[in-house]
Amino acid sequence: MTFSALFIQLLNGLAGAASLFLLAAGLSLIFGVTRIVNFAHGSFMMLGAYLAYSLIGRLGGSGVGYWGAVLLAALGVGSLGALVEATLLRRLYRAPELLQLIATFGIVLIMGDAVLHIWGAEDLLGPRAPGLQGTVSILGSAVPQYDLFLIACGPLVWLSLVFLLRRTRWGLLVRAASQDRVMTAALGVDQARLFSGVFFVGTMLAGLAGALQLPREPANLNIDLAVIADAFVVTVAGGLGSISGAFIAALIIGVVKALCIGVGEITLFGMTLALSKLTLVVEFMVMAIVLIVRPWGLLGRPPPASPGIELRELQQPPGRRFAFGVAAGLLLLVATGFVADEYTLVLLTEIAVFALFALSLQLLMGTGGMASFGHAAFLGSGAYAAALASRVLPMGWALLIAPLVAGALALFCGWFCVRLSGVYLAMLTLAFAQIVWSIVWQSDAVTGGSNGLVGIWPPAWLSSPQAYYLLCLALVAATILLLWRVSFSTFGYALRAARDSPLRAAACGIDVRRVRWVAFALAGAFAGFAGALYVYAKGSIAPEILAIPRSIDGLVIVLLGGLQALSGPLVGAAAFIGLQDTVARHTEYWRAFVGAAILAITLAFPAGIVGTLKHWLRRERT
Amino acid sequence: MTGPLLVVEQLSKAFGAVVALADLTCTVAAGERVAIIGPNGAGKTTLFNVLGGQLRADGGTVRLGEQRISGLPPHAIARLGVARTFQVAATFASMTVRENVQIALLAHCGEQRSLWLQAWVRHAPEAQALLDRVGIGALAARACSTLAYVDLKRVELAIALALQPRLLLMDEPTAGMAALERSRLMTLVSGLARSDGMAVLFTEHDMDIVFSHADRILVLNRGRLIADGSPAAVRSNPEVRAAYLGTAA
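Because the structure is a prediction, the values reported are computed rather than measured.

What follows is about unusual backbone geometry. Backbone geometry follows two general trends: most residues other than glycine have a negative phi, and most peptide bonds adopt the trans configuration. Phi is positive for Arg35 of chain A, which is not a glycine, with a value near 65°. Mapped onto the secondary structure, Arg35 of chain A falls in the loop between helix H1 (3-34) and helix H2 (41-59). A count of 20 C-beta atoms within 10 Å places Arg35 of chain A in the buried class. For Glu172 of chain B, which is not glycine, the phi torsion reads 45° and is therefore positive. Along the chain, the position of Glu172 of chain B falls in the loop between strand E7 (167-171) and helix H6 (179-196).

Below you can see the structure in the form of structure tokens.
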């Protein structure tokens, strides 16, 4: 590796850091004022790229036309952002953070399908920027002018933002609102306008990032989720709400990534390590180190004490009526196994698996108060562990190994995660899941990469959908009963105590961090078991089982059923998987449908199906 | 065992430029009831948070018996026998009043790790007895989130007593209570101090309570200990009068 090649990589990394910063700065700005973590931020960037592509096509490739198109794209995205804030998100400011995060994910799904509908599934490569098509010779190598332009953009935007925040009246109001929303409102500041303004600026930056990225990378439908994980890592490492922190973090991560690619392979103690394959892991390691040293990021301040989830409703152990209900439901499901057709049985098997997955997430989120946005990492790692084990071991062993592997992974991730709370925790779990996903995706030799693994079937006596359904039902039912028992065990109560009041729990002698850590590992293990059952039901496994949308499916199921209700995940799984199956048969835009469902739940029925039914019943009685 | 139960030596804590505790040294003996008084911002709550482990001191040490407890996390300090109530009552909102106390009891017995033992049947009679003792036995089955604030403070006290502490820290235990309730609650605590040898360190704004229920009074002002003595001695101390009345000493 020559020095000049390393230098080129460094410049490349800095150019990447610039667009990452634009994205993270907007995210941070929006969070600082509105306390909303905008999951859809990557979608706004994606929209910026597509919009710029179309506008450049329309306005011509001349200098004025091109840059005018870029600017218009950014402004267009900003306007849409302000519109989304004014029509949807404004209704959510009082909702728990978790619901807000989920609602913005609903927007991700809708925007994704909208872009697919308008621009199609093909990648669209934009023309090169006029005036910046050439290269500059630095240290004997040709550096694209456009990269240098991007490198300059980062500090330029940073300085303008700092100027805007420090030197203008609007900036003063934004800073005031970031520190104390209520007081700012009490002083007569029009919050609605301020918040819309912040959303406009934040999403405009995202749109600008997308438009500026176009000459480097074609507009494609994967931008939204690919960049949001990066942006989360940068914002969390920099400190939520801190623009300068985001700038520093983007630089560090950009440079470290570039170095990894630049250095390539290194040999340590006789082992050859391909650093270039580890860029995502390295990015995460930077964040992990930052968070261990400074839990609120490089320049962040501890957030005002606000739990991600607020649950004040009394939770009592289930009574005899509940037990009868469960027994009756179980009998009905067993009976269904003997009469239903194969299609229904396959669907019911999937519902059972996802009910278990969602219940493990509920233990973490409901009982533990820890919102995970990456729970599919454990579902998927269990599934992959079972799939790999099945190559050499019988199914029984694979079912045993899967939860152990997933639990061990959760134990590792949990060690970092339980140090944080609220949105910080949610974002860290999401980053973890993204790392696991990328490792699986890149490890072709072991996991089959993007193709996944195929031909994982249960033994012959279980090969009919009916037999497998009945086995699955028995195992899932037993595991669910066990999970319910755990929820009301002394450990479950200690976990709930730690959620209700960490201060009081610790003062009672409960090691809050340890209790949470154990819960994290347990939830991971149970999810891993669900993953193993899933893999044998499908016969194959692909990386999408670990991806962010899967984690969100779990969240939606839990919320759809009701975070508080014991039977919530079961009802939620039935409703969600059933609906998805029905909708997917009729339209290719089922993701948008799921997104709309998410918005409907978060805006209208935050207590979920079971929770809402309970409320209605109670009102009837009184 | 001889010697004081709690020994605080040269404890200091600052928040930026604000000095909350400056070189504070004091002791509390087993079974002793000690009141800490002082104007707002004197450092009373900071002292409690350092003793309980919620805050880390900048300098100095705290020992409980022979054991150094400064620097330990809150749960470790609690297990060594220091229980506390908070200035703003902290309870478990999603549980019944009785379950709140049960949690403390099972944590005290080290049962919080079991995944199998069912929590709501553990220690129910003891929890009920403790609630009866602090005068809210009738509320045992109520959801904690529906209680009046005054009753929440009693729940907190029951939780703290469930831990059978050697030292009980109470940050304004009677705030918001009527006069009769105040004295009843403090009489209860005094009785426990006498019968179980539990030391009590408390802050209080009501001087009647302080002078009738404290064996000794510590007076803090701007993080400094300006007086340490019997109620009678403190009452006549000119520096204390100055701090409270604002005239130059």
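Picking up where we left off.
Residues and elements named next belong to chain B. As judged from the 5 bridges shared by strand E9 (residues 216-221) and strand E10 (residues 224-229), these two strands associate in the antiparallel manner. Directly across from Val219, in E10, lies its bridge partner Ala227. Following E9, the chain reverses through 2 residues before pairing antiparallel with E10; Arg222 in that reversal takes a positive phi of roughly 50°.

All names here are of chain B. Pairing in this open sheet of 4 strands is antiparallel, and the strands run E2-E1-E4-E5 from one edge to the other. Edge positions in the sheet fall to strand E2 (18-28) and strand E5 (67-68), since each of these pairs with one other strand and no more. Taken together, the 7 bridges between strand E1 (residues 6-15) and E2 define a ladder with antiparallel strand orientation. When the bridges of E2 are listed, Ala14 appears paired with Val19. Running over the sheet, helix H1 (residues 44-52) touches E1, E2 and strand E4 (59-64) and is turned about 65° from E2.

In this section: the sheet that holds strand E8 (residues 199-203) of chain B. All names here are of chain B. Spatial ordering of the open sheet is given by E6-E7-E8-E3-E9-E10, a layout of 6 strands whose pairing is mixed. Since the sheet does not close on itself, it has two edges, and those belong to strand E6 (82-85) and E10, each with one partner. Strand-to-strand twist in this sheet, taken as the mean axis angle between neighbours without regard to direction, amounts to 15°. Where strand E3 (residues 33-37) and E9 come together, 4 bridges link them in parallel fashion. If you follow Val34 over to E9, its bridge partner there is Arg216.

As a further point, take the nonpolar core. Residues and elements named next belong to chain A. Of all hydrophobic cores here, the largest spans 303 residues; its most connected members are Phe21, Ala250, Val353, Leu356 and Ala431. In terms of residue count, helix H21 (residues 512-538) provides more of this core than any other element does, 19 residues in total. Excluding its chain neighbours within four sequence positions, the residues that come into contact with Leu356 are Val476, Thr479, Ile480, Phe526, Phe529 and Ala530.

Thresholds applied
- Residues numbered from 1 in each chain as written.
- Chains lettered and ligands numbered in written order.
- Predicted model: local features only at pLDDT ≥ 70, side-chain atom pairs only at ≥ 80, totals over all residues.
- Helix = DSSP H or I, 4+ residues; strand = E, 2+ residues; numbered from the N terminus.
- Buried ≥ 20, exposed ≤ 12 C-beta atoms within 10 Å, placed from the backbone.
- Pairing = 2+ DSSP bridges.
- Contact = placed C-beta atoms within 7 Å.
- Axes fitted to C-alpha atoms, helices over the stretch in contact; angles between N-to-C directions.
- Core = buried A, V, L, I, M, F, W, Y, C linked by C-beta atoms within 7 Å.

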